[in-house]
Amino acid sequence: MYEKLLSPAKFGPWDLTSHIVMPPLTRNRAEADFSPNQRAPEYYGQRNSAGLVICEATQVSPEATGYPRTPGIWSEAQTARWTEIVSQIHAGGAKALIQLWHCGRIGHPDNQPEGCFPMGPSAVQPGLPIYTDTAEDLVENPVPKEMTEEDVQWVIDSYRSACANAKKAGFDGVELHAANGYLVDQFASTNTNLRTDKWGGSLDDRLNFMRAVLTAMMEVYPKECIGVRMSPYGTFNDIQDEDPNAKYEAMLKLCEEMGVGYVHVIRPVVSGNIQMEASGRDVEVIDTARRLYSGPLIAAAGYTPESAEKELEAGRVDLVAFGRAFVSNPDLVRRVAEGIPFAEGNPDTYYTPGMTGYIDYPMAS
């Protein structure tokens, strides 16, 4: 029924078993030392029938942490656990990537390793609260520290080091998280970047941080093994750019100029973890990506097997990601192939500690 979706795919340097992607899904279940939890290899192994598995957003350094119980890849212990995860992903025939992030101003000291404090391009407080494990209710994001030149260089170096650890763990490639109001997006956006040095000002200068991070990543991985995820028109985490279309187009042009291996677009029908109303922009952002970027394209947000098949058949996208569906359907590829309905997930356990709602979703009988 879904011949294109289920058929093998050539995607950049990789031969994939299908056109189905498991995208990065934050699950908030890391250990106290910010290593993936002991059952994470099993969790990813359950879902290794996808053609491509992009592991959850992962901190490049201690101060990059924003939320409680999210994993890092700056230490030997963390890298060792990721090595186990990669082995389980490869065992099912999937390629394994890891998404690298720095949360920037979105964070709270109670969620971070001792001695860390949120920082961002400018000292602009997020206009939304955040959750921690130390308070019953949501708390204010603090005013972030404005990054110094030394801070900027440290973070750039951290992406390089994280890539080195990812390669050591066996990942086939890496994805830069440039979406959803985190640090790369903060540098690119007018309401979060008020700088007047080389890291701010004009749109091109606001993209200097993304440019520098990608350059550092390309010192470790070949450019064809590096992707960038974007959230055009997204306002998650209080991003309010004065010209979001211009920002999106400039980010795509930068990826084209630098020869980035792929672009991963979150359609506006989803903003962070919030379901939005479908609109013409869901079509527009894919058209724009195809017009300005000549490399492979992953599309995410709001797809069904039916709509994914149509997009692939029309050549509008190269791969399609199924996000929340992969949480509750570890055997998603089989369900698509055999016409088995998707199981519903439980949003109450998407981001909670423990194994409930993590490794206990059953396979179809």
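Refer to the structure presented above.
Parameters and conventions
Residues numbered from 1 in each chain as written. Predicted model: local features only at pLDDT ≥ 70, side-chain atom pairs only at ≥ 80, totals over all residues. Heavy atoms only, no water. Axes fitted to C-alpha atoms, helices over the stretch in contact; angles between N-to-C directions. Helix = DSSP H or I, 4+ residues; strand = E, 2+ residues; numbered from the N terminus. Parallel < 35°, antiparallel > 145°, perpendicular 65-115°, else oblique. Left-handed = near helix turned anticlockwise from the far one by under 90°. Contact = heavy atoms within 4.5 Å. Nonpolar A, V, L, I, M, F, W, Y, C, P; charged D, E, K, R; others polar. Expected span 1.5 Å × (residues − 1). Buried < 20%, exposed > 50% of the residue type's maximum accessible area, 1.4 Å probe, protein only. Arc of directions from axis to C-beta. Pairing = 2+ DSSP bridges.

Trainee: Tell me what's going on with the packing of helix H3 (residues 76-91) against helix H4 (residues 149-169), and back it up with residues and numbers.
Mentor: It is the contact of H3 with H4, at a shortest axis distance of 8 Å, that shows an interaxial angle of 45°. It follows that H3 is oblique to H4 by the angle criterion. Note on packing geometry: the crossing formed by H3 with H4 is right-handed. Contacts between H3 and H4 pair Thr79, Trp82, Thr83 and Val86 from the former with Asn165, Lys168 and Ala169 from the latter. Considered class by class, the residues forming the contact of H3 with H4 number three nonpolar, three polar and one charged.

Trainee: Hey, could you go over H3 for me, with residue numbers and the actual values?
Mentor: Helix length check: H3, at 16 residues, gives a terminal C-alpha distance of 23 Å against a target of 22 Å (1.5 Å per residue), a fit within 8%. Residues of H3 that are buried: Gln78, Thr79, Arg81, Trp82, Ile85, Val86 and Ile89. The arc that holds the buried residues of H3, viewed along the axis, is 160°, so those residues lie on one side. For H3, exposure combined with an orientation more than 90 degrees from the buried face picks out Glu76 and Ala91. Note on H3: the residue one or two positions beyond its end, Gly93, has a positive phi of about 95°.

Trainee: Can you tell me about the pairing of strand E4 (residues 52-59), naming the residues and giving the values?
Mentor: Extensive coverage of E4 is indicated by the burial of eight of its eight residues. Across six bridges, E4 lies against strand E5 (residues 95-101) in parallel orientation. Each bridged residue has a counterpart across the sheet, and for Thr58 the counterpart in E5 is Leu100.

Trainee: With reference to specific residues and values, describe unusual backbone geometry.
Mentor: A positive phi angle is found at Arg69, which is not glycine, with a value near 60°. Owing to a relative accessible area of 15%, Arg69 belongs among the buried residues under this scheme. One non-glycine residue with positive phi stands out, namely Asp238, at about 60°. Counting through the fold element by element, Asp238 comes out in the loop between strand E11 (226-230) and helix H8 (244-258).

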